[in-house]
Amino acid sequence: MLSASSAPIGVFDSGYGGLTVLKELLQHLPQYDYLYLGDNARTPYGTRSYQTVYEFTFECVRYLFDAGCPLVILACNTASAKALRTIQQHDLPLLDASKRVLGVIRPSVEQVGLLTKTGHVGVLGTTGTVNSESYRLEINKLFPSIQVFQQACPMWVPLVENGEYQGDGADFFVKRDLALLFAQSEKIDTIILGCTHYPLLINKIRQYLPSHIQVLSQGEVVAHSLKDYLQRHTEMAKRCSQFTQRQFLTTDNPETFSQLASLFLGQSIDAQKISLG
Ligand code: DGL
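A brief structural summary. (Residues numbered from 1 in each chain as written. Predicted model: local features only at pLDDT ≥ 70, side-chain atom pairs only at ≥ 80, totals over all residues. Heavy atoms only, no water.)

With that settled, consider the packing of helix α5 (residues 105-115) against helix α11 (residues 218-232). Look at α5 against α11: their axes get within 9 Å of each other, and the N-to-C directions meet at 100°. Here α11 runs roughly perpendicular to α5, going by the angle between their axes. In this structure, α5 contributes Pro107, Ser108 and Gln111 to the contact, and α11 contributes Gln218, Val221, Val222 and Ser225. By residue class, the composition of the contact of α5 with α11 is three nonpolar, four polar and no charged. (Axes fitted to C-alpha atoms, helices over the stretch in contact; angles between N-to-C directions. Helix = DSSP H or I, 4+ residues; strand = E, 2+ residues; numbered from the N terminus. Parallel < 35°, antiparallel > 145°, perpendicular 65-115°, else oblique. Contact = heavy atoms within 4.5 Å. Nonpolar A, V, L, I, M, F, W, Y, C, P; charged D, E, K, R; others polar.)

All right, on to the layout of surface pockets then. Put simply, the largest pocket is a space of about 830 Å³. Secondary structure elements with two or more residues in the lining of the largest pocket: α3 (77-82), α4 (84-95), α5, α7 (134-142) and α11. For the lining of the largest pocket, the element with the most residues is α11, which contributes eight residues. Considering only residue class, the lining of the largest pocket consists of 14 nonpolar, 10 polar and eight charged. (1 Å grid on protein atoms, 1.4 Å probe; cavity = no way out; pocket = protein on both sides within 12 Å on 5 of 7 lines; lining within 4 Å. Points joined across faces, edges and corners; volume = space filled by probe spheres on them.)

It is worth spelling out the site of the ligand at this point. Taken together, 14 residues sit near the ligand, with Ser14, Tyr45, Gly46, Thr78 and Thr196 positioned nearest. Residue serine 14 places a side-chain N or O atom 2.6 Å away from an oxygen atom belonging to the ligand. Between the ligand and asparagine 77, the relevant distance is 2.9 Å, taken from an oxygen atom to a main-chain nitrogen or oxygen of the residue. Bound to the protein, the ligand loses 99% of the 300 Å² it would expose on its own. A breakdown of the residues in the shell around the ligand according to their chemical character gives five nonpolar, eight polar and one charged. (Near = heavy atom within 4 Å. Polar contact = N/O pair within 3.5 Å; in protein donor to acceptor, adjacent residues only side chain to side chain. Areas by Shrake-Rupley, 256 points an atom, 1.4 Å probe, with all protein chains shown as cover.)

Here we come to the sheet that holds strand β7 (residues 190-194). Hydrogen bonds between backbone groups are what pair the strands of a sheet, and the pairing can be parallel or antiparallel. The strand order β6-β5-β7-β8 describes an open sheet built from four strands, whose pairing is parallel. With partners counted over all chains shown, the strands left at the sheet margins are β6 (147-152) and β8 (214-216), one partner each. Between one strand axis and the next, the sheet turns by 25° as a mean value, whatever way the strands run. Sheet analysis places strand β5 (residues 120-125) next to β6, joined by six bridges and oriented parallel. What sits directly across from valine 123, in β6, is glutamine 150. Packing against the sheet, helix α9 (residues 168-182) makes contact with β5, β6 and β7, and its axis sits at approximately 155° to β6. (Pairing = 2+ DSSP bridges.)

These figures capture arrangement, not role.
This is the structure we're talking about:
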C-alpha cells in the first residue's frame, strides 16, 4: 500500500502484460515506488479501434495522475501505438504540463537498430499494434535502411491470459505465426516481441526460432531507457518518491488478478479493485 505522500511511477497495461515490464523496472530501479494499473475489465485492447484504445488509456492515465504519479509508463504496445502521441501532444499540455507519459515502442526501436546485422527485423504484436504501423514508422525514422517485417499474433494474448502458454495450443500458434513471419524474409536476424504478454511464451518462441535469431527483451530495454531518462531529467527523478512501495490495481476481479499476476511477476501480490469514471 502506498502512503499518502508518495509520488509513484505509474505503470499501465490493458491487463497483465505490463507486469513483464514492471518486473524489470523493479530489478533495475528498485528504489522507486510503483503503482500498477491493469485494465483487465476491458482487456484485450489489441483488437480495438484507435478511438477506444485512446479513450480507455487516457482514462487510466488520468487515474494514475490523480493518484499522485508524476510519470506514467504505458507498458502496453497497443496503448503506446494508438494513444501515446495524442496524450503527449494534446492532453498533457491541457491537463498538467509538468507530468510525463512514456511508451515502450521508441526504446525498443532504438535498441533494435543496434542489434541487427542483416537489416531485416521482424515485429510480432497484436493486430492493433501491427496495423498501426507504429514500429515500421519509428524504425524507418531512426534507421531508414532497416527493412521491417510484421506478423500479427492474435491468439498469443488469449493463450497467455488463459494460462495455456505452456500447452499444445501454444505450440501450434507460435510455430504457425513464426513461420508466417519468416516466410516474408529469410534474412530476419532480430525480432521484437512487440506485446508485453509475449515474454511468457519465450520458451515456445525459442523452440521454433533458429538459434542465431536475437530476441529483443522489451522489459529490460524499457528499464534501461527509463534509468537513462531519469538520469537526464533530474527534476522528474526527484519528484518520483523512493520508499520502495508497490501497489497493484485492477479494474476487474482482484483475486484473479493477484493469482495470475504472480506468474507474470514472479512474486505474490495483493491487488485492489478500482472503478474508473
Ligand atoms: N499487452 C498488450 C500489448 O503490449 C496487448 C494485450 C491486449 O491486447 O490487450 O500490446
